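In case you want the letters, here they are:
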Amino acid sequence: MRKLVYLFTIILFVSCKNSEDVVSSVAAERGVIAEKAIVVSARKEASAIGLSILQKGGNAFDAMIATKMALAVSYPFAGNLGGGGFMVYRTANGETGALDYREKAPLLSSKNMYLDEDGNVLPQKSRLGAMAVGVPGTVAGIFETHERFGSMPIAKILEPVIQLAEKGFVITEKQQRNFIKYRQLFFEANQDTILFARTYAEGDTLKNPALAKTLKRLVKNGRAEFYEGETGEKMVNYLQEKGGILSMEDLEEYHTHWRDPVNVKFKNLNIISMPPPSSGGIVLGQILKMIEDFPLDEYGHNSLKTIQVLTEAERRAYADRSFYLGDPDYVDIPVDSLLSSGYLDRRMNTFSFEKATPSSSLEHGKIPGYESDETTHFSIVDQYGNAIAVTTTLNGAYGSKLYVEELGFFLNNEMDDFSSKPGFPNMFGLIGAEANAIAPGKKMLSSMTPTIIEKNGEFWMSVGSPGGSTIITSVLQTILNVSEFDMTMQQAVNAPRFHHQWLPDEILFEPSAFSEEILGSLRKKGYNINEGESTIIGKVDAILKLPDGRYEGGADRRGDDAAVGF
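Throughout, residues of each chain are indexed from 1 in the direction in which the sequence is written. The predicted origin of the model limits local features to residues at a pLDDT of at least 70 and limits the giving and counting of side-chain atom pairs to 80 or more, whereas totals for whole chains, interfaces and linings rest on all residues. The side-chain figures draw on all heavy atoms in the structure; neither hydrogens nor water molecules are used.

Student: I'm lost on the overall build of the protein chain in this one. Help?
Tutor: Along the protein chain, the regular secondary structure elements total 17 helices and 21 strands. When we talk radius of gyration, it's over C-alpha atoms, and the globule rule is simply 2.2 Å times the number of residues to the 0.38. Against the compact-globule benchmark of 24 Å for 566 residues, the protein chain has a radius of gyration of 22 Å, which places it among compact chains. Expressed along its principal axes, the backbone C-alpha trace of the protein chain runs to roughly 65 × 60 × 45 Å. Working definition: with a 1.4 Å probe on protein chains only, accessible area under 20% of the residue-type maximum means buried, over 50% means exposed, and in between means partly exposed. Expressed as a percentage of its 566 residues, the buried residues of the protein chain come to 65%. Note on areas: these come from Shrake-Rupley sampling with a 1.4 Å probe, and a residue is covered only by the protein chains present in the view. Carbon and sulfur atoms provide 48% of the accessible area of the protein chain, an area that totals close to 20000 Å². By the counting rule applied here, Lys and Arg register as positive and Asp and Glu as negative, while His and the ends of each chain are not counted. Working definition for charges: the position is that of NZ of Lys, CZ of Arg, CG of Asp or CD of Glu. If the 57 positive side-chain charges of the protein chain are averaged to one point and the 72 negative ones to another, these points end up 3 Å apart. Elements are defined by DSSP. Helices are runs of H or I of four residues or more, strands are runs of E of two residues or more, and each kind is numbered from the N terminus.

Next comes the structure, spelled out in structure tokens:
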């Protein structure tokens, strides 16, 4: 039986000038510990810039803007100006809310735009190039956040980000591999070379002066620069030259939405997560409520019984996701029914420890009266007690692969998150139905699951992950690792993960992370095992409030992620 021994050395990246304010990392398997404030993101440069804003007196929302834009510079794989995302927040006085700045379909979109004359789906059309691009929401999201919660001038917030773009960031080994991996697609989409298609070595410094100029125009002209001004016009012109349908009218009509979060009680915890058009909060809530009465702590972490219980709950929740969920401004979603105990108890009635429930025998539940690992997440808690969880994406790696050289950023391929045709899987294998069909101006369904958790009425955890369809299950398992299995935040983030999403009917395991004994027992019970297709299931960045009031940051070992604090 193979056993994993976690001996991770956690390094605190410190940008603080006052060393007395810094609490260094402790022993292996314990993340960065901070007394007052902490930022955890996919890149140390972005985390450090976010923390620097807090050190200058800014709040978590100011740091959100800085961190988000710094990821657009140093982590173009998913950090972006040309994408969108979601934010869940909890203020120091306990107020909670959610901001939806998800992309939407252009006005010239149509339900069958990715079908050929015989009704067959043309998957590349929704994934690569100009027709894959949805109307970006990121810039609207940062200015909406600043207008409601910002405490510092936008120029001061973006100053270190602009400096990062001008001076450059150091290319990591993982980034170098990705640049090589996607180089041919960069050429194919842009029909020319681009900044990120050049030859780089690990340790090289990459500067992006075009993005610095774009950010300076945003500082000067605000939101209108992107949605009405020079930047928007250049982006639209580039897209239309490449055969796209996005227009200035699309940009001018784009708006964000403040939404009420999904709130779910799980034992002594209050889960506060993202509502539709994200499926994250509802699906996470369904799974948690379906498993609540099972003694997972007695079964043991990643034991046979624990894997079975989580798999079967995931199977049922993802089946519901495929049928019921979409943009709430276009479809009626029975949120209360989907999260009701009576309904979820009935969903688990067919579960047995003796054998797997075939997905082919399981559809969405009947409701009475009825309705990307290529993403990035960051978590922030400030010295005032505000907490945020933000997940943002271009959808696929580098989105549509279209790069506007003059502006310095990639454009999303979020149109693939719609259901091109009922029953046809998207790039993450997720099956969709009519609720998530394409319509002009509609927002596509997402799996992003930024989540904040309260314990005894107080902030306890901020958590989220990239990973496409695996986002929800990565967040789920991280929460359970702490709440049910008494792990530290870093242990919870590092622990091996598995995933089931109804279709395809298989459990996806991180390779070489689970014993042959466990996998063999699951096969005997009729479960289909897949260890081969994914080496990474999510990259979780999370913050846990410790009993003594300090914070522990868990930065996922699977990426270049970093936690910093003071």
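Student: What am I meant to see in the sheet that holds strand β2 (residues 38-41) here?
Tutor: The pairing of strands in a sheet comes from backbone hydrogen bonds and takes either a parallel or an antiparallel form. Only when DSSP finds a minimum of two bridges between them are two strands counted as paired. Strand order across the open sheet formed by seven strands is β7-β4-β3-β11-β10-β2-β21, with antiparallel pairing between neighbours. Because the sheet does not close on itself, it has two edges, and the strands there are β7 (257-259) and β21 (562-565). This sheet shows a mean twist of 15° between the axes of neighbouring strands, independent of strand direction. Of the strand pairs in this sheet, strand β10 (residues 375-381) and strand β11 (residues 387-393) are connected by seven bridges, and their pairing is antiparallel. In the sheet register, V381 faces β11, and the bridge partner there is A387. Against the sheet, helix α2 (residues 60-74) contacts β2, β3 (84-90), β4 (96-101), β10 and β11, and its axis sits at roughly 150° relative to β10. In what follows, residue pairs with any heavy atoms lying within 4.5 Å of each other are defined as contacts. The axes used here are C-alpha line fits, helices contributing only the stretch in contact, and every angle between their N-to-C directions lies in the interval 0 to 180 degrees. Along the sheet, helix α3 (residues 138-149) makes contact with β3, β4, β7 and β11, crossing β4 at roughly 150°.

Student: Help me understand unusual backbone geometry, please; the structure alone is not making it clear to me.
Tutor: Outside of glycine, negative phi angles account for most residues, and trans bonds account for most peptide bonds. Cis rather than trans, the peptide bond between P276 and P277 has omega equal to 15°. Mapping P277 onto the fold places it in the loop between β9 (269-273) and α10 (280-291). For the bond from L503 to P504, the omega torsion is -5°, close enough to zero to count as cis. With respect to the secondary-structure elements, P504 resides in the loop between β16 (498-499) and β17 (507-509). For N302, which is not a glycine, the phi torsion comes out positive at approximately 55°. Looking at the element boundaries, N302 is found in the loop between α11 (296-299) and α12 (304-324). Look at W502: it is not a glycine, yet its phi comes out positive at around 75°. Tracing the backbone shows W502 in the loop between β16 and β17. Given the relative accessible area of 11%, W502 is considered buried.

Student: Can you walk me through the side chain of N412 in this structure?
Tutor: One can find N412 in the loop between β13 (409-410) and β14 (451-455). On the basis of relative accessibility, which here comes to 0%, the residue N412 falls in the buried class. Polar contacts involving the side chain of N412 include one to the main-chain amide nitrogen of G134, which spans 2.8 Å. Filtering out sequence-adjacent residues up to four positions away, N412 remains in contact with G82, G83, E103, A132, V133, G134, P136, L394, G399 and S400. Polar contacts, as counted here, are pairs of nitrogen or oxygen atoms within 3.5 Å of one another; within protein the pair requires one atom able to donate a hydrogen and one able to accept it, and residues that are adjacent in sequence qualify only if both atoms are side-chain atoms.

Student: Explain the pattern of salt bridges here, please?
Tutor: When their charged atoms lie close together, side chains carrying opposite charge are able to pair. Salt bridges are defined by distance alone: a side-chain nitrogen of Lys or Arg within 4 Å of a carboxyl oxygen of Asp or Glu. Within this structure, the stated rule accounts for 27 salt bridges. Its salt-bridge partner being K267, residue E484 comes within 2.8 Å of it at the nearest N-O pair. Exposure remark for E484: the relative accessible area of 9% places this residue in the buried category. When the shortest N-O distance is used, the salt bridge between E516 and R523 registers 4.0 Å. On the basis of relative accessibility, which here comes to 44%, the residue E516 falls in the partly exposed class. One network of salt bridges, with partners in common, ties together D100, R259, D329 and K443.

Student: Can you walk me through α2 in this structure?
Tutor: Structurally, the α-helix is built with 3.6 residues per turn, so residues lying three or four positions apart point the same way. Helix span, expected: 1.5 Å multiplied by one less than the number of residues in the helix. Here α2 spans 20 Å end to end across 15 residues, near enough to the 21 Å set by a 1.5 Å rise per residue. Looking at where α2 begins, the residue whose side-chain oxygen comes 2.9 Å from the main-chain nitrogen of F61 is N59.

Student: Please clarify how the confidence of the model for the protein chain should be interpreted in this entry.
Tutor: The predicted coordinates should not be examined in detail at positions where pLDDT is low. Each residue carries a pLDDT score, the predictor's confidence in it, ranging from 0 to 100. Across the protein chain, pLDDT averages 91, with 90% of residues at or above 70. Considering only residues more than four positions removed or in separate chains, one finds that residues 1-27, a stretch of pLDDT under 50, has 56 contacts. Contacts of residues 366-372 to residues separated by more than four positions or lying in other chains number 28 contacts, the stretch itself having pLDDT below 50.

Student: Help me out: how do you make sense of the sheet that holds strand β20 (residues 551-555) in this one?
Tutor: Read from one edge to the other, the open sheet built from seven strands follows the order β1-β20-β19-β15-β14-β9-β8, with strand pairing classed as antiparallel. Each having just a single partner strand, β1 (32-34) and β8 (262-266) make up the two edges of the open sheet. Adjacent strand axes in the sheet meet at a mean angle of 20°, parallel and antiparallel pairs treated alike. With three bridges connecting them, β1 and β20 associate as antiparallel partners. Residue pairing in the sheet places V32 in a bridge with G553 of β20. The sheet strands contacting α10 are β8, β9 and β14, and the helix crosses β8 at an angle near 15°. Together, β8, β9, β14, β15 (458-464) and β19 (541-545) form the strand contacts of helix α15 (residues 471-483), whose direction differs from that of β15 by roughly 140°.

Student: Would you mind going over the packing of α10 against α15 with me for this structure?
Tutor: How two helices sit against one another is set out by the angle between their axes and by the gap between those axes. Viewed as axis vectors pointing N to C, α10 and α15 meet at an angle of 45°, and their least axial separation amounts to 10 Å. It follows that α10 is oblique to α15 by the angle criterion. The element α10 and its partner α15 pack so that their crossing is right-handed. Judged by residue contacts, G280, V283, L284, I287, L288 and I291 of α10 engage I472, V475, L476, I479 and L480 from α15. Of the residues contributing to the contact of α10 with α15, the split by class is ten nonpolar, one polar and no charged. An angle below 35 degrees is read as roughly parallel, one above 145 as roughly antiparallel, one from 65 to 115 as roughly perpendicular, and any other as oblique. Should the near helix be turned anticlockwise from the far one by less than a right angle, the crossing is termed left-handed; should it be turned clockwise, right-handed. Gly is put with the polar residues, along with every residue not named as nonpolar or charged; the nonpolar set is Ala, Val, Leu, Ile, Met, Phe, Trp, Tyr, Cys and Pro, and the charged set is Asp, Glu, Lys and Arg.

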